[in-house]
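This is what each chain is made of:
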Amino acid sequence: MTDGYDPGFLATTLPLPRPVQVVRTLAYPRFTVLLDPARRLAAVTAVNIDGARLRALPRTGEWRLDPRAAADEQTGPGVYARNDLDRGHLVRRRDPGWGPVETAREASEATFFYPNAAPQAAGFNQSKELWLGLEDHVLSYAETTDQRVSVFTAPVLDATDPPYRGIRIPLRFWKIASWRSENGLAAAGFVLDQSTLIDTREETLAVPPLGAFRTFQVPIADVAALTGIDLGPLVDADVLTDRGARSTVWRELDSAGDVNLGTDPPPTT
């Protein structure tokens, strides 16, 4: 089952965001990865989540290369060996795991292909747990509508990212969650910054003990500018828009309660 991301999942057409560079389109059950073969990392991932039908499945699956792409186009096991890097799921293991049990299990296990991973500093702290839980927070909010969410996630592939073992380690990641509100399509954009946690000087890797992940809610227009990706209707659906005047403030988040999903007053620009 490799149906991939469904652009009509939210009862409105939401195209798969497209980067300007050449990518490999890899469809998996209920999600799609656009792999940048030059950077050996995903430029875009897109997943459909049906919150009303999610399964609480035990963790199964092993990390493996995707045979549809050349091994040297993927960031494989060698990058993660003997260091403080995690294989960070871009599409979370549980997000496509909904519906019938066997179907949900197959979809969850498909998230363990290496094109769906990106290097992240190991170790959890409050900010990283917040990043991992943003989809859950949006799903909870969306329960008042149809409990469906589409999520787009990837590293910010910047040319200045530090080199390490033949790749460049991304210092920032972006995420956009979208859902149907009473007023139509709604979306929220986020950025995770691990700059203070990654030091790859002289091809070694160090994780400073006092560093921290920083998570921000940001204007979706800024995500488009950072990445060069065409985000289509997501920019106009941004919940940080007020009366046509788009906020330019990056809001650092300390907890899920800090997230603005369209019910808060907009921040002062």
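1. Observations regarding the overall build of the protein chain
Of the regular secondary structure elements, the protein chain holds 5 helices and 14 strands. For the protein chain, the proportion of its 269 residues judged to be buried stands at 51%. A sequence separation of at least 24 residues applies to 69% of the contacts in the protein chain between residues at least 6 apart. Just so you have it, the protein chain exposes about 11,600 Å², and 49% of that area is on carbon and sulfur atoms.

2. Considering the nonpolar core
Among the nonpolar cores identified, the biggest contains 78 residues, and Val149, Phe152, Trp174, Ile176, Trp179, Leu231 and Leu234 are the most heavily contacted of them. Setting aside chain neighbours within four positions, we find Leu231 in contact with Pro17, Ile176, Ile220, Val223 and Ala224.

3. Looking at unusual backbone geometry
Of all residues except glycine, most have a negative phi; of all peptide bonds, most are trans. For Arg40, which is not a glycine, the phi torsion comes out positive at approximately 65°. Residue position: Arg40 is located in the loop between β2 (31-36) and β3 (41-50).

4. Topic: the layout of surface pockets
Its volume calculated, the second largest pocket comes out at about 260 Å³. In terms of lining residues, the second largest pocket is bounded by 15 residues, among which Ser181, Asn183, Ala186, Val239 and Gly262 are the most central. For the lining of the second largest pocket, the secondary-structure elements that each account for two or more residues are β9 (172-181) and β10 (184-193). Of the residues in the lining of the second largest pocket, the class split is 7 nonpolar, 5 polar and 3 charged.

5. Some thoughts on the sheet that holds β2
Pairing is antiparallel across the open sheet formed by 8 strands, whose spatial order is β1-β2-β3-β6-β9-β10-β11-β14. The outermost strands of the open sheet, each flanked by one partner alone, are β1 (24-28) and β14 (251-253). Direction aside, neighbouring strands of the sheet carry axes that sit 20° apart on average. Bridge count between β1 and β2: 5 bridges; the pairing is antiparallel. By the bridge assignment, Leu26 is partnered in β2 with Val33. Contacts from helix α4 (residues 134-142) reach β3, β6 (148-155), β9, β10, β11 (214-218) and β14, with the element oriented near 10° to β9.

6. Section: the pattern of salt bridges
For the structure shown, the criterion picks out 12 salt bridges. Where Asp50 meets Arg148, a salt bridge forms, and the shortest distance between an N and an O atom there is 3.8 Å. A residue pair is termed long-range when its members are at least 10 positions apart, and Asp50 in strand β3 and Arg148 in strand β6 qualify at 98 residues. For Arg148, a relative accessible area of 27% gives the class partly exposed. The partner of Glu102 in a salt bridge is Arg105, and the shortest N-O contact between them spans 2.7 Å. With Glu102 and Arg105 both in helix α2 (residues 101-110), this residue pair falls 3 residues apart, about one helical turn. For Arg105, a relative accessible area of 26% corresponds to the partly exposed category. Taken together, the shared-partner salt bridges connect Arg92, Arg94, Asp95, Glu135, Asp136 and Lys175 into one network.

7. What to know about α2
Buried within α2 we find Ala104, Ala107, Ser108 and Ala110. Buried residues in α2, looked at end-on, bunch into an arc of 160°, giving them a common side. Tucked into the core, α2 has its buried residues touching β1 and β2.

8. Looking at the packing of aromatic side chains
Here the structure, examined in full by the defined rule, presents 9 aromatic pairs. With a centroid separation of 5.8 Å and an interplanar angle of 40°, the aromatic rings of Phe9 and Trp98 are classed as tilted. One end of the pair, Phe9, is in the segment before β1; the other, Trp98, is in the loop between β4 (85-89) and α2, with 89 residues separating them in the sequence. Per residue, the accessibility class of Phe9 equals that of Trp98, and both read buried. A ring pair is formed by Tyr28 and Phe31, whose centres lie 4.8 Å apart and whose planes are at 15°; its orientation type is stacked. In this pair, the class of Tyr28 matches that of Phe31, namely buried. Aromatic ring contacts, followed pair by pair, group Trp63, Tyr80, Phe112 and Tyr114 into a single cluster. The ring centre of Trp98 lies 3.6 Å from the NZ or CZ of Arg30, which sits over that ring. Just above the ring of Tyr28 sits the side chain of Arg68; from NZ or CZ to the centre is 4.8 Å.

What counts, and where the lines are drawn
Residues numbered from 1 in each chain as written. Predicted model: local features only at pLDDT ≥ 70, side-chain atom pairs only at ≥ 80, totals over all residues. Heavy atoms only, no water. Helix = DSSP H or I, 4+ residues; strand = E, 2+ residues; numbered from the N terminus. Buried < 20%, exposed > 50% of the residue type's maximum accessible area, 1.4 Å probe, protein only. Contact = heavy atoms within 4.5 Å. Areas by Shrake-Rupley, 256 points an atom, 1.4 Å probe, with all protein chains shown as cover. Core = buried A, V, L, I, M, F, W, Y, C linked by side-chain atoms within 4.5 Å. 1 Å grid on protein atoms, 1.4 Å probe; cavity = no way out; pocket = protein on both sides within 12 Å on 5 of 7 lines; lining within 4 Å. Points joined across faces, edges and corners; volume = space filled by probe spheres on them. Nonpolar A, V, L, I, M, F, W, Y, C, P; charged D, E, K, R; others polar. Pairing = 2+ DSSP bridges. Axes fitted to C-alpha atoms, helices over the stretch in contact; angles between N-to-C directions. Salt bridge = Lys/Arg side-chain N within 4 Å of Asp/Glu carboxyl O. Arc of directions from axis to C-beta. Phe/Tyr/Trp six-rings, centres within 6.5 Å; stacked < 30°, edge-to-face > 60°. Lys NZ or Arg CZ within 6 Å of the ring centre and 35° of its normal.

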